[in-house]
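Chain by chain, the residues run as shown.
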Amino acid sequence: MRGGVRTRLRDLLLGVGIVGVLLGLWPAVVHAQQAPDTTRAAARDTLQAPPDSAAVGPDSLRPTQVRPDSLRPDSLQPGGPSAADRRRQAAQQAMSGGGMPADTSQGGMQPVDLTARDSLVLRFNQPSGDTGTLYGNAQMKHADASLKARRITMDFSSDVVTATGAPSDSTGPGSGRGPVFQQDGRQGQTFTGTGLSFNLQTRRGRVTDARTQKQGGFVQGRVVKAYEDSTVFVRDGSYTTCDCGPNETPSYSLRSSRMKVKGKWVYTGPIQLYLFNVPTPLWLPFGFLPAIPGRRSGPLPPQYGEDNKGLYLRDWGWYFAISDYMDLQLRFGIWSQGSWEVNPIYRYAKRYRYNGGVDLNVVRTKIGEPQDPGFRKTLRGGLRWNHNQELSPTASLGANVNLVTSEQFLRQDQQDYGDVISREISSSINYNKNWRGSNQSLSINASQQQNLNTGTASLSFPNVRFSQGSFRPFKREDAVGEERWYEKIRTSYSGDLSNRYQFTPTDSTDIQWYEALVSPTKYRRATGNSEPFDFEATHRIPINASFRVNKYNLNITPQFSYNSTWLIRTTRRALRLDTTRVGPDSIRVEQNVVERSVPGFFADRQFSTGLSVSTEAFGLFPIAVGAFEGLRHRVQPSLSFNFQPNFNDPFWGSTRTAVVDTQGTVRRYDIATGRFVAGSTEQRSLGFSLGNDFETKRIRIDSTGQRREETIKLLDADLNTGYNFAADSLKLSDIRLNLRTGFLDEFNVRSSLSFSPYAISPDSSTIINTYLAARNPLKPLRLTRATVSFGGSFGGGGNRGSQQMAGGPGASFGRQGGRGRQGGGRGGSTSDAASSYANNRSGYPSFRIPWQAQVNFSYRYNRRLYDVNQNAEVSGSVRLSPTPLWDVNITTGFDFVQQELALTRININRDLGCWNMSFNWTPFGRFQSFGFTLQVNGGQLSNLLRLNLPRAGNPLSGFGSQLRQSAGGFGGGGGYY
């Protein structure tokens, strides 16, 4: 009894829902536009659309009139209506606008939406059960699952949906293969395959010859089963990043007989690399691949090779995606001879607030055995910290710290090209604050510089600077009438406070600067000095005003400057005689000038004053050459006079005298610095400068006849010199001439020349106080220094609009930046080259090769008496793309003085579709090397499936080291934020 009622209720609900879909849910059932494609009547117990007839218009499809004898009655149940009555009731409900009701008998299953472009065929009382089939771009939606196919069939008795054929509008991964199934909404997984079945009750599905996209890669399998919790099982699966067609074999794939997709990962059993369909010896017992975009925790791929410490396996470890604001990398390295390396990298960031990272690297090096003569065992390390933070709209904090234990850490333990060739390292921490509306600012910083060759180091903390911008202290707030002369007076203030630590070791010491920083005893033993810190405070107050005399076109600017330096200790020098008995009747006397520090406050005050006068004049010349019309010459002469007293005079109290030898020689020294001084600091100098600007206009007439003018600067020529009336000799300064031109769009030319008006002695040992013009009026000046440089960028090929390739003029042509990654992916030129080969306006393809070149030439000449130094070199870069998939970069140079080629680099890159090949070669010089890289493009396999040759541990092989990515390979996180 219960089964019969349940059967009648199910038939009633199914009948009402199916007729509702037919008449109410999709208008194509009533007004289909593909009337000729409808299916003919086949059986008496089948309800379907009528066959093609003239009575049906081309734009409409009438529902079939159901005859009483067309429905076979079911077995009657006591108290229940017949099947025909139930279907009639369902038809009446559907005709009145009802749809498919929810099946409350099955736990409240959600409704199923069915649509199709062509037709819906319903079959009842079949041996296999009641079914409904949708034809033509059929779609099904149930809860958060959707299905698209050419044909969808639903079994009403088992609630199983099957689909075959690809929809005509399929654009997803593997489009054209078959049905497209998506689960968990828009962010869920999308599968395609040759056949698909899905159970609406259990929410489990099965796909044959399935394919789905996962984080830049594609997972394929012979059979795929999807469960209600979004877990997917794959049999005979493969993973690749090649986006191939339905009938194409990827150039590479990782294949496994079993795969499981669960949450964030794709887990596999034994996995093997295939090149096309050829298996390779690369085999792993298991693997897991990322299945979601963004960052995720997981292992980091190792690098292998050999260097002077033996065979190594380095850069392996684990990546931790701690949160949206921070992550951590733990990298390790081991060598076969006992060396090891630990490298944690912690990064943090919060948008619009702060970002930074800490990179700690500790290396234990062991070379040889203890009994070997060349045995070496060391422990070295380095710390890098960078931080940027906006504390408020007017305050910021920044840090760039780079500390190493020794020079050998960079030379022997690092892979980065810039680290290996560096000679100095520096660190700084800065805090900046400014006050709006007051033109005031405050900065506090700590800095450190270290010379790796000499071992010297300097540390300054704290450094405090406060500055008050220029303001007019006598300006009236409510001024009436013209501005008074004293209202034009401007002044400003800047003050610096510094505490410096200077470490200059002797040649015989091995004490490091950081050891001497915390130990006064080690500082004295390493440097021979007893005062490691030097405190100083400096105040600067400039005062100036500007007055305009319109009648004579003059600008007059008087100025006064006052500087004061405060010290907490000064230096005293004295002669010390040391006697040593060298025999019974002889004594050796050694004389040394020693220094001693005297505590006490001292203010070193200095000032200067001056006056400058300037004007300008213009000249116009009606000269026309081609498209250039007119020549404008602007002359800006300027005279300035400066005065400064002789602060070496005892009157000012900043110098003292000391006897320096037993003959009684007396020399004067500065008590602030301890250095000997000679001569006078008095300045009574007259400066002269002459500026010249030459401009012209380029006239262009466009296609409409409109005249367009463009001002072009032809040449800038500046001449300046000076005359010091207070000097005892050589009063006239060198004459300096600076030339600049940018007349050509592609080239810029700069030149700087210095001439001396004085002659040199016959033996070329000194400059004498005699003018050259007095000896030879035809040669009044002597060239002492010259610098000439010019450079430009130009290109061609391809479309006219594509001549400037990626980066534009001045862009770096090499793929290697300071910390770049060699051969890392396709590079940036493939799309540029492809665009250059695009069709031009005529509609025909352009076969011209796009290229770009840069050329720079520099010449330097410096003569000091008889010593002459010259340096002339030319450097250039060429970048071209013979085809859209090839990219060639060449950088080289030539030194004309040394007659040798400069560092030459050749980089050839080829896009192989799913793979990328690059060849790097340095054929000449100290860093001669080559490198070949073959790796897959993109995806998480780019770091694992990668071949580097040579595998030796030369850090300069292939233009430098590998840039450590945030994560990569199996399980690594790609990208950060």
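Heads up: the structure comes first, above all this text.
Residues numbered from 1 in each chain as written. Predicted model: local features only at pLDDT ≥ 70, side-chain atom pairs only at ≥ 80, totals over all residues. Heavy atoms only, no water.

Check the secondary structure of the protein and you find eight helices and 53 strands. Within the protein, the fraction of its 977 residues that count as buried is 38%. The long-range share in the protein, meaning contacts at least 24 apart out of those at least 6 apart in sequence, stands at 51%. Here the protein has roughly 53400 Å² of accessible surface; of this, 55% comes from carbon and sulfur atoms. (Helix = DSSP H or I, 4+ residues; strand = E, 2+ residues; numbered from the N terminus. Buried < 20%, exposed > 50% of the residue type's maximum accessible area, 1.4 Å probe, protein only. Contact = heavy atoms within 4.5 Å. Areas by Shrake-Rupley, 256 points an atom, 1.4 Å probe, with all protein chains shown as cover.)

Further remarks concern the sheet that holds strand β38 (residues 676–677). Judged by pairing direction, the sheet is antiparallel, and its three strands sit side by side in the order β36-β37-β38 without closing on themselves. Lying at the two open borders of the sheet, with one neighbouring strand each, are β36 (655–659) and β38. Examined bridge by bridge, β36 and strand β37 (residues 666–670) share five bridges and lie antiparallel to one another. Paired with T655 across the two strands is D670, which belongs to β37. (Pairing = 2+ DSSP bridges.)

Along the chain, the position of S881 falls in the loop between β47 (867–880) and β48 (886–895). Within the structure, S881 has its side chain in polar contact with the backbone oxygen of W886 (distance 3.4 Å). (Polar contact = N/O pair within 3.5 Å; in protein donor to acceptor, adjacent residues only side chain to side chain.)

Turning our eyes to something else, we now look at the nonpolar core. Residues M140, L147 and I152 are the most contacted members of the largest nonpolar core, which totals 33 residues. Of all the elements, strand β5 (residues 145–155) adds the most residues to this core, at five residues. The next biggest cluster of nonpolar side chains, apart from the first, holds 10 residues, and it includes C242, L273, C914 and W915. (Core = buried A, V, L, I, M, F, W, Y, C linked by side-chain atoms within 4.5 Å.)

The subject of this paragraph is a nonpolar patch on the surface. On the surface, Y304, L313, W316, I334, W340, L379, L947 and L949 cluster together to form a nonpolar patch covering roughly 710 Å² of accessible area. The set of elements that each furnish at least two residues to the nonpolar patch consists of β20 (310–323) and β53 (946–949). (Patch = residues over 30% accessible without salt bridge, like charges linked within 9 Å, V, L, I, M, F, W, Y side chains within 5 Å. Salt bridge = Lys/Arg side-chain N within 4 Å of Asp/Glu carboxyl O.)

Here we take up the state of the cysteines. One pass over the full model with this rule turns up one disulfide. A disulfide bridge connects C242 with C914, and the sulfur atoms are separated by 1.9 Å. Highlighted residues: C242 in the loop between β12 (232–240) and β13 (252–262) and C914 in the loop between β50 (905–911) and β51 (915–922), separated in sequence by 672 residues. (Disulfide = S-S within 2.5 Å.)

Here we come to the pairing of strand β26 (residues 424–435). Judged from the six bridges that link them, strand β25 (residues 395–404) and β26 form a sheet pairing that is antiparallel. Residue pairing in the sheet places G398 in a bridge with N430 of β26.

What follows deals with the environment of Q337. By the secondary structure assignment, Q337 is in the loop between β21 (326–335) and β22 (340–350). For Q337, a relative accessible area of 34% puts it in the partly exposed group. Once the C-alpha coordinates of Q337 and E369 are considered, the two residues, 32 residues apart in sequence, prove to be 8.6 Å apart. Leaving out residues up to four positions away in the same chain, Q337 has contacts with N308, K309, G310, K366, I367 and G368.

What follows concerns helix α6 (residues 520–527). Owing to its 3.6 residues per turn, the α-helix aligns residues three or four sequence positions apart on the same side. Taken residue by residue, α6 has Y523, A526 and T527 as its buried positions. Down the axis of α6, the smallest arc covering the buried residues is 75 degrees, so these residues share one side. Phi turns positive, to about 85 degrees, at G528, one or two residues after α6. (Arc of directions from axis to C-beta.)

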